[in-house]
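Structural overview for review
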Amino acid sequence: PRSTQLLPGGDLAVGGVSLTELAARFGTPCQLLDEAEVRARARAFRAALPEAEVAFAGKSLPCRTVFRWLADEGLSLDVCSAGELAAARTAGFPAERILLHGNVKTAEDLKAALAYRVSRVVLDSFDEISQLGALATAQPVLIRVTPGVDAHTHPAITTGVEGQKFGFPLDAVPEAVRRVEAEPGLRFAGLHCHLGSQITHVSVYEEALRRLLDLGVPIAQLDLGGGFAAPYCPGEQRFDLTGYAHRVRATLHFECERRRIPLPHLVIEPGRSIVANAGITLYRVITVKPGFVAVDGGMSDNPRPALYDARYTARLVGRHTRASRREVTVVGRHCEAGDVLARNVPLPDDVHAGDLLAVPVTGAYHHALASNYNLVGRPPLIGVRDGRASVLVRRETEEDLLRRDLMPA
Ligand code: LLP
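Numbering of residues starts from 1 in each chain and follows the order in which that chain's sequence is written. A pLDDT threshold of at least 70 governs which residues receive local features in this predicted model, and a stricter bar of 80 or more applies before side-chain atom pairs are shown or counted, although totals over entire chains, interfaces and linings include all residues.

1. A few points about the overall build of the protein chain
- Looking only at helices and strands, the protein chain has twelve helices and 21 strands in total.
- Residue burial in the protein chain is summarised as follows: out of 409 residues, 48% are buried.
- Throughout, a residue-residue contact means that the two C-beta atoms, derived from backbone geometry, are no farther apart than 7 Å. Residue pairs in contact within the protein chain that sit at least 24 positions apart in sequence constitute 69% of those at least 6 positions apart. Numbering of helices and strands runs from the N terminus, with a helix taken as a DSSP run of H or I at least four residues long and a strand as a DSSP run of E at least two residues long. Three exposure classes are used, based on other C-beta atoms lying within 10 Å of a residue's own C-beta, which is placed from the backbone: buried for 20 or more, exposed for 12 or fewer, and partly exposed in between.

Shown next, in the form of structure tokens:
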């Protein structure tokens, strides 16, 4: 996070709180979140695109306190399940700023959304049009389109190309709009697309925008999804938000004028780019072997290297050393060779059991993707701000872990 400060003795502070103290107080592994950074990113989106509705992709960090911060910053929220909606509802997130998404919505998801009167449901299939139509009265909906634009990102997080499971292909959209309009319970409000995640090219958004407008259906709302890249390692660049705003705005104005259609209400759905860099995870070194430094967490709190070949760095916190550095692989405690947290990390030669390691950029899809693999409890999420730390989500206990295992006689 940008609030990271060097402290004496090799310690670091985030949000004005010492990492060594946080580890002592809350234990490890421990996920930290810098509130000021989350709010600053949210503001940066609103400032870059004041005419747009910025809906936080709740799946990237489904935490009620974070939802509150972002409600406070004037953002909307994209939820993709009854569970995420329950978090939003009980955090008091206003229904008129919530969109329900997801390529498979169960009856439970749809009913929960209608009961809370979410402002929009994004429909993904013909089945869903009739399923929601049967339950709803005057529900505004968007249609999710697969615009056939390759976002040039990892295949597991590319969603806008043909031949994957999301949304309607371009040629099915007119029929989808007709079916929505034929459902008395639904109100067609516009189109949506989401091209993928960790996208670095602005041009793919412009191309998707043109393809959606080319469909010629009346679009009161145009949702261009999220996917804006966050930098994880030194040398990586943050998505060019100013360039995006400038080019998307210019293209939208140009294309609408050319077609003599009114400008649609623009919606974007950033997740990662708001929270990723606000996060940092603390681990305790348990064992050192030649080439490997093993810590007390792993793929249960961060499966991203295993799933997407995601790259991370790590640094030693809490002591100074003059030892030379060598590249090691930081690995976890799980029983798999793929349980890697970071590769090619230059750590001091004298790194040893008991040392504290900090892995930055863990705010997005870490808390969200954490599991109980090997019956390991999930780490807590600690918010830091102005020198104070508070537990946003507590550490999972042994009791939590065993609660659902009923062992019937
Ligand atoms: N809107 C929709 C409809 C989405 O499906 C997503 C993410 C977003 C917005 C937000 O995308 P973002 O701005 O965060 O890139 N678990 C993967 C990422 C999966 C993204 C899923 N959809 C990872 O850890 O890289």
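2. Re the domain arrangement of the protein chain
- An automatic or database domain assignment provides the domain bounds reported here. The domain architecture assigned to the protein chain consists of domain 1 (5-33 + 276-402) and domain 2 (35-274).
- Its C-alpha centre places domain 1 at a distance of 32 Å from the equivalent point of domain 2.
- On the domain 2 side, the residues contacting the 24 residues of domain 1 number 20 residues.
- Per element, the largest residue contribution to the side of domain 1 that touches domain 2 is four residues, and it comes from strand 20 (residues 381-385).
- Across the side of domain 1 that touches domain 2, the residue classes break down as 15 nonpolar, six polar and three charged. Gly counts as polar in this scheme, as do all residues outside two lists: the nonpolar Ala, Val, Leu, Ile, Met, Phe, Trp, Tyr, Cys and Pro, and the charged Asp, Glu, Lys and Arg.

3. Some points on the sheet that holds strand 3 (residues 17-18)
- Two strands pair under a simple rule: DSSP has to find at least two bridges between them. Spatially, three strands are ordered 1-2-3 in an open sheet, and the strand pairing comes out antiparallel. The open sheet has two free edges, formed respectively by strand 1 (5-6) and strand 3, since each of these has just one partner strand.
- Across two bridges, the pairing between strand 1 and strand 2 (residues 12-14) is antiparallel. If you follow L6 over to strand 2, its bridge partner there is L12.

4. Re helix 2 (residues 35-48)
- To estimate how far a helix should reach, multiply one less than its number of residues by 1.5 Å. The end-to-end C-alpha distance of helix 2, which contains 14 residues, comes to 20 Å, matching closely the 20 Å that a straight helix rising 1.5 Å per residue would cover.
- Of all the residues in helix 2, the buried ones are E35, E37, V38, R41, A42 and F45.
- Against the buried residues of helix 2 lie strand 4 (30-34), strand 5 (53-57), helix 3 (64-72), helix 9 (241-259), helix 10 (272-275) and strand 20.

5. Considering the UniProt feature "binding site: pyridoxal 5'-phosphate" (unreviewed entry) in the protein chain
- The UniProt record marks G227, E269, P270, G271, R272 and Y365 with the feature "binding site: pyridoxal 5'-phosphate" (unreviewed entry), using the residue numbering of this structure.
- Ignoring sequence-local partners within four residues, the contact set of G227 consists of A151, H194, L195, G196, S197 and I199.
- Locating E269 in the fold gives a position in the loop between strand 13 (265-268) and helix 10.
- Excluding anything up to four places from it in sequence, E269 contacts A55, A57, D78, H194, D223, G225 and G226. UniProt positions are given in the numbering used here, feature names are shortened, and annotations may be inferred rather than shown by experiment.

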